[in-house]
Amino acid sequence: MKTMTMLLASLLLPAVITAADPAPKAAPEVKAKAKKEQVYELPKTGKNLQRGSAGWINVEASGTRLIVKFFDAKKKPAIPDVERGFARFQFASKNPERAPLHREGETLVSTATVRPPHNFLVILSLFRSGEAESAESYTFKYP
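For the structure given in this document, a descriptive report is provided here. Fair warning: this is a prediction, and the values are worked out from it, not measured in the lab.

**Regarding the pairing of strand β5 (residues 97–104)**
Inspection of the sheet shows strand β4 (residues 84–90) paired to β5 by six bridges, in the antiparallel sense. The residue bridging Ala87 from the neighbouring strand is Ala99, located in β5. Taking the residues that link successive antiparallel strands as the turn, the β4-β5 hairpin has six residues. Looking at chain direction, β5 and strand β6 (residues 107–110) are connected through four bridges and run antiparallel. Bridging from a neighbouring strand, Glu104 pairs with Thr107 of β6. Connecting β5 to the antiparallel partner β6 that follows it, the hairpin turn spans two residues, and Gly105 within it adopts a positive phi of roughly 70 degrees.

**Here's the deal with the pattern of salt bridges**
Evaluation of the coordinates by the stated rule reveals seven salt bridges. The shortest N-O distance in the salt bridge between Arg65 and Glu104 comes to 2.9 Å. With a gap of 39 residues between them, Arg65 in strand β3 (residues 65–71) and Glu104 in strand β5 connect regions that are remote in the sequence. Relative accessible area serves as the criterion here: at 32%, Arg65 is assigned to the partly exposed category. Three or more residues are tied together by salt bridges with common partners; here these are Arg51, Asp81, Arg128 and Glu136.

**A closer look at the environment of Ala112**
Mapped onto the fold, Ala112 is located in the loop between β6 and β7 (120–127). Take Ala112: its relative accessible area is 25%, and that puts it in the partly exposed class. In this structure, the C-alpha to C-alpha distance between Ala112 and Arg65, residues 47 residues apart in sequence, is 7.2 Å. The residues contacting Ala112, other than those within four sequence positions of it, are Thr64, Arg98 and Ala99.

What counts as what
Residues numbered from 1 in each chain as written. Predicted model: local features only at pLDDT ≥ 70, side-chain atom pairs only at ≥ 80, totals over all residues. Heavy atoms only, no water. Pairing = 2+ DSSP bridges. Helix = DSSP H or I, 4+ residues; strand = E, 2+ residues; numbered from the N terminus. Salt bridge = Lys/Arg side-chain N within 4 Å of Asp/Glu carboxyl O. Buried < 20%, exposed > 50% of the residue type's maximum accessible area, 1.4 Å probe, protein only. Contact = heavy atoms within 4.5 Å.

See the structure below:
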């Protein structure tokens, strides 16, 4: 009987120890919900120009209009900090043309017709509200 009690105790002892010692809990998953910062890109069409610390502009001859779009330093679309602009187009084989630019939503758009072929030198001046002198000026070959 003593042997049987010892045998029974040896069989039950691991079960008692297992029941007394709860299973280790799995470590709670720490989901770091790091906000994914959206990555913005500049348009693939037109000409992208850096504005120093103010961000970027994209100049595109679309159809018969010149469109200037504004972007902040992170390349996110932005509202222009200028009210108007003026563009001068110098073609290789014909007389230069001029086009004033006015605000249309979040862009500056030419009122004059920009006739194809769209292969020219652009002198672009941007003006702030109430100022006679240009706030920014760019000269570049398009496209």
